[in-house]
Amino acid sequence: MTFRIAVGGIHTECSTGNPALMTAENFRVLEGEALPKADYFSFLREADNVEILPLLHARAVPGGPVSAKTYQAFKADFLKRLKASLPLDGLYLAMHGAMNVDGMDDAEADWILAAREVVGADCPIAVSYDLHGNVSQTIIDQIDIFAAYRTAPHIDVRETMVRAFSMLVKSLEAGVRPGVMWAPVPVLLPGERTSTEDEPAAALYRQLPAFDAREGIWDANLMVGYVWADEPRATACAVVTATDVAAAEKAASEIALSYWDAREDFAFGPVTGSLEEMLEIAGRADTKPVILADSGDNPTGGGVGDRADVLVALMEGGCEDALIAGIADRPAVEDCFDAGKGAVLDLFIGGTLDDRSPSATATARIIRLDDPAGPDERQAVVETGGITIVLSARRRPYHNIADFTQLGLDPKAFRLLVVKSGYLSPELAPIANPNLMALTDGAVNQDIEALPNRRRRGPCYPFQRDFAYAPEPRPSKRWKAAHDGGE
């Protein structure tokens, strides 16, 4: 028998402290047959006994909230394609979980609920999530299968997508309908303090496969949640896909309690401190490359990416042999392209996306111009006083070695490399000598207790500390109804 499974979704992470709304041009959109041809979705081409109905998948580098107009346009396109794909045996949605839409709470719930209304009650829905996503009862009530990343930095993205999709196929082939159980945990910590490379997160995530192996359990997950969204659904939680309600309750309770019990033990992995402290350490180092993470303006966490405060500090300190990659500033990039390679010009750098962002002025020489795919993808490399700066037309990270080599730069050749990041990426971490993280200001700053906290539900650690907690697992309404009905 061949099963008809539709595939789509929307994937981004949004800081409510970032004022720069995301619009359609911020997204990479896969439509129709382009979807299974993409690397992330290549496993779909290998599925046996399955007819894939590719819909729409929109993915963006994290940032500010998605504009309502952009979201509604994506949703309408997705639903039109979904309706045209009927009838279906299953639906797989590749989501993130921390999307915020301007003027809307729980955007993923809105998307998934709309999908459920199209496919009907009998069609199983499987979803994959980032472990930094936020879950709600509304989301849980609409789905049958859930899988989330188990690594941060995320090196199991494709593996997680395969887990979710494979469970959906398994359900259809076996004629078994699993359900989802979740247990909220009133803890919200940043990813930089919960990296699975460090304890206690490493041990907590190592235990998850043992839960998977229990009778009646298909997949166990620990969600850290997303702290920089000041919204009611923001929370950590345990989420379990299972066929046995009692086993799911027990597993969800144990996972939730293990995270709660460890809440005070989470700490930053790299050497961490104020920008001044980190620059002092970097200045004393006789090794290279010292890699300094500008954590408060990290675009992969929802930062704006246009702050120049680290650049200002380096210029004022007379720093040389340093590379900053990069600062998002389209006007500066356009000025460089107008002037041409080799030109010397006065540049105003930073503060073009958020007028609160610190900026800098510098007389700089243009040493490279990169135009791989039109104005949105342009980059300029400039040098001022021994400091090399990568300017980008759009918000983007510089986390892979190829990001540098494309520009003719060797990150290991500089004494100091500054990147807008939290924990370093898997490609940069091994070459850091040493690895430093500056607690800089920005839309994703690490001063969690001082974040605006008007709409998150409380009590929640670390915003409040003196309260008790006991897990209260909750099944999806779909699973509860089926179980209560004797199925």
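Novice: Lay out the overall build of the protein with the relevant residues and their values.
Specialist: Along its length, the protein carries 13 helices and 19 strands. Relative to its length of 487 residues, the protein is compact, with a C-alpha radius of gyration of 23 Å against a globular reference of 23 Å. Seen along its three principal axes, the alpha-carbon backbone of the protein occupies a region of about 75 × 50 × 35 Å. When burial is assessed residue by residue, the protein has 60% of its 487 residues classed as buried. Sequence-distant contacts, at least 24 apart, represent 75% of the contacts inside the protein between residues at least 6 apart. Element-wise, carbon and sulfur atoms account for 49% of the exposed surface of the protein, whose accessible area totals about 18700 Å².

Novice: Account for the sheet that holds strand β17 (residues 416–419), naming residues and giving values.
Specialist: Across the sheet, nine strands lie side by side as β10-β18-β11-β17-β12-β16-β15-β14-β13; this open sheet has mixed pairing. Looking at which strands have only one partner, the edges of the open sheet turn out to be β10 (271–273) and β13 (344–349). Neighbour to neighbour, the strand axes of the sheet diverge by 30 degrees on average, direction disregarded. In the sheet, strand β14 (residues 360–370) pairs with strand β15 (residues 379–384) via five bridges, with the strands oriented antiparallel. By the bridge assignment for β15, I366 is matched with V382. Packing against the sheet, helix α10 (residues 309–316) makes contact with β11 (290–294), β12 (322–328), β13, β14, β16 (387–392) and β17, and its axis sits at approximately 105 degrees to β14.

Novice: So, the sheet that holds strand β1 (residues 3–11): which residues are in play, and what are the values?
Specialist: Read across the sheet, six strands follow the order β2-β3-β1-β4-β5-β6 without closing on themselves; strand pairing throughout is mixed. Bordering the open sheet on either side are β2 (27–31) and β6 (145–148), each of which pairs with just one other strand. Going across the sheet, the axis of each strand differs from the next one's by a mean of 15 degrees, ignoring polarity. Judged from the eight bridges that link them, β1 and strand β3 (residues 50–60) form a sheet pairing that is parallel. When the bridges of β3 are listed, A6 appears paired with L53. Packing of helix α2 (residues 68–85) onto the sheet brings it into contact with β1, β2, β3 and β4 (90–94), and relative to β3 it is tilted by some 180 degrees. Strands in contact with helix α3 (residues 107–119) are β1, β3, β4 and β5 (125–129); relative to β5, the strand with the most contacts, it is inclined by about 160 degrees.

Novice: Kindly report on the packing of α2 against α3, identifying the contributing residues and their values.
Specialist: Two numbers describe how α2 lies on α3: the axes approach to 10 Å, and their chain directions differ by 20 degrees. Regarding the angle of α2 to α3, the classification is roughly parallel. Handedness of the crossing formed by α2 with α3: right-handed. Counting all contacts with α2, which are made through Y71, F74, K75, F78, L79, L82 and K83, the residues of α3 involved are A107, D110, W111, A114, A115, V118 and V119. In terms of residue class, the contact of α2 with α3 is made up of eleven nonpolar, no polar and three charged.

Novice: Lay out the pairing of β14 in plain terms, naming residues and giving numbers.
Specialist: Where β13 meets β14, six bridges bridge the pair, whose relative direction is antiparallel. Within β14, the residue paired with I349 across the bridge is A360.

Novice: An account of the nonpolar core is requested, with residue identities and associated values reported.
Specialist: Among the nonpolar cores identified, the biggest contains 62 residues, and F41, Y92, F165 and Y259 are the most heavily contacted of them. At nine residues, helix α8 (residues 245–261) tops the list of elements feeding residues into this core. Dropping the residues within four chain positions of it, F41 is found in contact with V7, L30, L35, P36, H57, Y92, A94 and M161. Judged by nonpolar contacts, the second largest core, of 46 residues, contains V66, L79, I140 and M223.

Novice: Please give an account of unusual backbone geometry that cites residues and values.
Specialist: The omega torsion across E199 and P200 is 5 degrees, close enough to zero to call that bond cis. Secondary-structure assignment places P200 in the loop between β7 (179–185) and α6 (201–206). At the junction of Y461 and P462, the peptide bond is cis and its omega measures out at 10 degrees in the coordinates. Mapped onto the fold, P462 is located in the loop between β18 (435–438) and β19 (474–475). Within the chain, D106 stands out as a residue other than glycine whose phi angle is a positive 55 degrees. Checked against the element boundaries, D106 lands in the loop between β4 and α3.

Novice: Can you lay out the pattern of salt bridges for me, pointing to particular residues and giving the numbers?
Specialist: Considering all chains together, one arrives at 29 salt bridges under this definition. Across the pair K75 and D110 runs a salt bridge, and its minimum N-O distance is 2.9 Å. On the criterion of sequence distance, the pair formed by K75 in helix α2 and D110 in helix α3 is long-range, its members being 35 residues apart. On the basis of relative accessible area, K75 is assigned to the buried category, the value being 15%. The residue D294 makes a salt bridge to K420 at a minimum N-O spacing of 2.9 Å. In this pair, D294 sits in strand β11 while K420 sits in the loop between β17 and β18, placing the two residues 126 residues apart along the sequence. As far as burial versus exposure is concerned, D294 and K420 are alike and both buried.

Novice: Pulling in residues and values, what's your account of the pairing of β11?
Specialist: With five of its five residues buried, β11 lies for the most part within the structure. Residues of β11 alternate between two faces, with V290, L292 and D294 on one and I291 and A293 on the opposite face, all of them buried. Two elements, β11 and β17, share four bridges in a ladder whose sense is parallel. Of the residues in β17, the one forming a bridge with V290 is L416.

Novice: Describe α8, listing the residues and the values that go with them.
Specialist: Relative to the 24 Å expected for 17 residues at 1.5 Å per residue, α8 spans 24 Å between its end C-alpha atoms, a close match to the ideal helical length. Every buried residue of α8 is accounted for by V245, A247, A248, A251, A252, I255, A256, S258, Y259 and W260. Elements in contact with the buried residues of α8: β7, α6, α7 (208–212), β8 (217–223), β9 (236–242) and α13 (477–484). For α8, the capping residue at the N-terminal end is D244, with a side-chain oxygen 3.0 Å from the backbone nitrogen of A246.

Thresholds applied
- Residues numbered from 1 in each chain as written.
- Predicted model: local features only at pLDDT ≥ 70, side-chain atom pairs only at ≥ 80, totals over all residues.
- Heavy atoms only, no water.
- Helix = DSSP H or I, 4+ residues; strand = E, 2+ residues; numbered from the N terminus.
- Rg over C-alpha atoms; globule rule 2.2 N^0.38 Å.
- Buried < 20%, exposed > 50% of the residue type's maximum accessible area, 1.4 Å probe, protein only.
- Contact = heavy atoms within 4.5 Å.
- Areas by Shrake-Rupley, 256 points an atom, 1.4 Å probe, with all protein chains shown as cover.
- Pairing = 2+ DSSP bridges.
- Axes fitted to C-alpha atoms, helices over the stretch in contact; angles between N-to-C directions.
- Parallel < 35°, antiparallel > 145°, perpendicular 65-115°, else oblique.
- Left-handed = near helix turned anticlockwise from the far one by under 90°.
- Nonpolar A, V, L, I, M, F, W, Y, C, P; charged D, E, K, R; others polar.
- Core = buried A, V, L, I, M, F, W, Y, C linked by side-chain atoms within 4.5 Å.
- Salt bridge = Lys/Arg side-chain N within 4 Å of Asp/Glu carboxyl O.
- Expected span 1.5 Å × (residues − 1).
- Polar contact = N/O pair within 3.5 Å; in protein donor to acceptor, adjacent residues only side chain to side chain.

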